[in-house]
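Understanding the architecture of this molecule
Chain by chain, the residues run as shown.
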Amino acid sequence: MGPEEDRQLIVDTLKKKKGKTKFYLKDFNKIFPDRKPREVKKLVNKMVTEGTLEYWSSGSTTLIGLKGAGKQHDTEEEDE
Amino acid sequence: MTRHKTPLLDELEKGNWPSFVSDMKQEAEAREKTDVDLQTPKECVEDLLGLLELTYVDKVVHWKHGGIVGVFGYGGGVIGRYCDQPEEFPGVRDFHTMRVNQPSSKFYSSEYLRQICELWERRGSGLTNMHGSTGDIILLGTTTPQLEEVFWELTHNLDQDLGGSGSNLRTPSCCIGKARCEFACYDTQAICTAFTMEYQDELHRPAFPYKFKFKFDGCPNGCVAAIARADMSIIGTWRDDIRIDQEAVKAYVGGEIKPNGGAHSGRDWGGFDIQKEVIDLCPTECMSWDGKKLGIYNKECNRCMHCINVMPRALRIGEDTGASILFGAKAPILEGAQMSTLTVPFMKIEEPYEELKDLVEKVWDYWSEEGKNRERLGELIQREGFQKFLEVCELDADPRMIQEPRSNPYIFWKEEDVPGGWDRDINEYRKKHQK
């Protein structure tokens, strides 16, 4: 699978998830079970830099979601 | 100060101790009068006081949980904070924290401190926390548009980077080390800086199940408390003998040199009693004093540092120095507090630190694959067992990893680990031991 297909697979998988917009990095590892977490992390980080994905942080834990999906910025809620 | 009444906070100004409320009021007043071109709301500190008062009245926090803030290319270093009462307290509508990577051992020039304070007064709230628990400079409270501006000025004008937050490598921290301390068994500042530079990706781009901390203590006195706080604790030690200057020992006994560097001089504690204050307090009972000569049976020494701390001019750390590597400490969040577990009894700590880097990377690969979300390394080791962890690190079990190896061997041996193996009939075993 090429990098473009990988990106599309991530976007499609996240879009399919109902009621959840932010994910742990491990959820991305599950999309590519045969790859090392380090490889998946690099791809995810690249997609954040490119503006497809974005980080959400509570300060102690980091989650990742599609840019613009779910509650944004100053509308974050406790159970997001 | 008329914007909000704060009777509950005012109580915290009473008494003979410093008060953060007084500090905040002072800053609020300074912001009111300043001629600095403030880029954040002038009233932000007053609103912060008002919001805190409301928190005390309601007994609930009025900050929302986290947020999507950061600077371009970084997944950490900024902690998003949004107030849930923005109409009443518009000055703290968005009030984000920035973590700044402190220099090794926190050495600053006064010029640098002036610059960072000037920057934060102009582009932030002016409130700081020097330093946070992890060691960073904490800049408390700025607005979303100011984040990139502060980051640009930090990196371009102050040659300064952000620290770690979220599921990242957190800002590595070290004790004062060889800069000022004769007990330092390795150069803590050098390795702290080297690891910070080497692991920039891990520090700025979240890739772990949860936080991960390195802490470098130059000796077992543990001035950065690595053993209690770091997922990987690198604690200085030596593998030869404590160096003894017998003449200096006699000088301590004779009262010519004050014990503990003269620290207990506030009242008359009586003369120095080496038997009572050193020999009898040795946890492994490996010291002796016959009135003329101090003896140490070094093989039993467990590096408690007490004798060296009491008589630093007579006793010195050994010359063959390095560090013990321990893993798995954490504070009580989520599960209970844990201390680090000794994993490598001794390793030389010398540039370019390849042996240590190899070990770190093996551990990260294991934790990234096997760790659950929000599971610290110490909890993973506890869940899967120390034996599994040793396999991951490609290390053999060692009696020094266990407090009482003869009575409490908590390594479960596999048959292939034991020369000759063993025969075990499970049915015979079950006759005496029910499931």
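Quick caveat, the model's predicted, so the values are computed rather than measured. (Residues numbered from 1 in each chain as written. Chains lettered and ligands numbered in written order. Predicted model: local features only at pLDDT ≥ 70, side-chain atom pairs only at ≥ 80, totals over all residues. Heavy atoms only, no water.)

Right, let's talk about the overall build of chain A for a bit. The helix and strand tally for chain A stands at three helices and three strands. Ordering the α and β elements of chain A from the N terminus gives α-β-α-α-β-β. Looking at chain A residue by residue over its 80 residues, the buried ones come to 49%. Split by element, the accessible area of chain A, about 4400 Å² in all, is 52% carbon and sulfur. (Helix = DSSP H or I, 4+ residues; strand = E, 2+ residues; numbered from the N terminus. Buried < 20%, exposed > 50% of the residue type's maximum accessible area, 1.4 Å probe, protein only. Areas by Shrake-Rupley, 256 points an atom, 1.4 Å probe, with all protein chains shown as cover.)

Once that is clear, we can look at the domain arrangement of chain B. All names here are of chain B. Once the domains are mapped, chain B shows domain 1 (7-157), domain 2 (173-239 + 320-417) and domain 3 (243-316). Between the C-alpha centres of domain 2 and domain 3 the distance comes to 31 Å. Each side of the interface is counted separately: domain 2 has eight residues, and domain 3 has five residues. Together, Phe-183, Asn-221 and Trp-238 form the three largest contributors to the area buried by domain 2 at its contact with domain 3, with a combined 69%. Taken together, the links from domain 2 to domain 3 amount to zero salt bridges. Where domain 2 packs against domain 3, one counts three residue pairs in polar contact (both at pLDDT 80 or more). Tallied by class, the residues present in the side of domain 2 that touches domain 3 amount to four nonpolar, two polar and two charged. (Domains from an automatic or database assignment. Contact = heavy atoms within 4.5 Å. Buried area = accessible area lost by both parts, 1.4 Å probe. Salt bridge = Lys/Arg side-chain N within 4 Å of Asp/Glu carboxyl O. Polar contact = N/O pair within 3.5 Å; in protein donor to acceptor, adjacent residues only side chain to side chain. Nonpolar A, V, L, I, M, F, W, Y, C, P; charged D, E, K, R; others polar.)

Below, the discussion takes up the interface of chain B and chain A. On the chain A side, the residues contacting the 31 residues of chain B number 28 residues. Between chain B and chain A, a total of about 2700 Å² is buried, with carbon and sulfur atoms accounting for 50% of that surface. In terms of surface lost to chain A, no three residues of chain B exceed His-65, Ile-68 and Asn-373 of chain B, which account for 27% of the buried area on that side. Linking chain B with chain A are four salt bridges. Close ionic contact of Glu-202 of chain B with Lys-41 of chain A constitutes a salt bridge, the shortest N to O distance being 4.0 Å.

In summary, soluble globular proteins display a tendency toward joint burial of nonpolar side chains. Residue and element names in this part refer to chain B. Core analysis: the largest hydrophobic core is formed by 39 residues, its most contacted members being Phe-214, Ile-234 and Ile-325. Secondary structure elements with two or more residues in this core: helix H6 (188-198), strand E6 (214-217), strand E7 (232-238), strand E12 (321-327), strand E13 (341-347), helix H12 (354-370), helix H13 (377-384) and helix H14 (386-393). Sorting elements by how many residues they give to this core places H12 first, with seven residues. Ignoring anything within four residues of it in the chain, the contact list for Ile-234 reads Tyr-186, Phe-214, Lys-215, Phe-216, Asp-217, Ala-323, Ser-324, Ile-325, Ile-349 and Leu-356. (Core = buried A, V, L, I, M, F, W, Y, C linked by side-chain atoms within 4.5 Å.)

With that settled, consider the sheet that holds strand E1 (residues 78-79) of chain B. Residues and elements named next belong to chain B. In space, the four strands of this open sheet follow the order E1-E2-E4-E3, with antiparallel pairing throughout. Single-partner strands in this sheet number two, and they are E1 and strand E3 (127-130). Direction of pairing for strand E2 (residues 97-100) relative to strand E4 (residues 137-140): antiparallel, over a ladder of four bridges. Across the sheet, Thr-97 pairs through a bridge with Leu-140, a residue of E4. Sheet contacts for helix H4 (residues 110-123): E2, E3 and E4; angle to E4, the most-contacted strand, approximately 25°. (Pairing = 2+ DSSP bridges. Axes fitted to C-alpha atoms, helices over the stretch in contact; angles between N-to-C directions.)

Once that is clear, we can look at unusual backbone geometry. All names here are of chain B. Between Met-130 and His-131 the backbone carries a cis peptide bond, its omega angle lying at 0°. Along the chain, His-131 turns up in the loop between E3 and E4. Positive phi, normally seen in glycine, also occurs at Lys-59, with a value near 60°. Along the polypeptide, Lys-59 turns up in the loop between helix H3 (44-58) and E1. On the basis of relative accessibility, which here comes to 72%, the residue Lys-59 falls in the exposed class.

On to a negative patch on the surface, then. Taken together, the side chains of Asp-396, Glu-415, Glu-416, Asp-417 and Asp-423 of chain B make up a negatively charged region of the molecular surface. Accessibility expressed as a relative area gives 82% for Asp-423 of chain B, which makes it exposed. (Patch = residues over 30% accessible without salt bridge, like charges linked within 9 Å, V, L, I, M, F, W, Y side chains within 5 Å. Lys, Arg positive; Asp, Glu negative; His and termini not counted. Charge placed at Lys NZ, Arg CZ, Asp CG, Glu CD.)

Together, Leu-8, Leu-12, Phe-20, Tyr-56 and Val-57 of chain B give the surface a local cluster of nonpolar side chains, amounting to about 420 Å² of exposed area. With respect to the secondary-structure elements, Val-57 of chain B resides in helix H3.

What follows covers the packing of helix H2 (residues 20-33) of chain B against H3 of chain B. Residue and element names in this part refer to chain B. Direction vectors running N to C along H2 and H3 enclose 145°, while the axes themselves pass 8 Å from each other. Together, Phe-20, Val-21, Met-24, Lys-25, Glu-27, Ala-28, Arg-31 and Glu-32 of H2 and Cys-44, Val-45, Glu-46, Leu-48, Leu-49, Leu-52 and Tyr-56 of H3 make up the contact between the two elements. A class-by-class count of the residues in the contact of H2 with H3 yields 10 nonpolar, no polar and five charged.

Let us look at the packing of H4 of chain B against helix H5 (residues 144-157) of chain B. Residues and elements named next belong to chain B. The N-to-C vectors of H4 and H5 enclose an angle of 165°; their axes lie 11 Å apart at closest approach. What the angle tells us is that H4 and H5 run roughly antiparallel. Seen from above, H4 lies across H5 with right-handed handedness. Counted together, Ile-116, Leu-119, Trp-120, Arg-122 and Arg-123 of H4 and Gln-146, Glu-149, Val-150, Glu-153 and Leu-154 of H5 form the full contact between these two elements. (Parallel < 35°, antiparallel > 145°, perpendicular 65-115°, else oblique. Left-handed = near helix turned anticlockwise from the far one by under 90°.)

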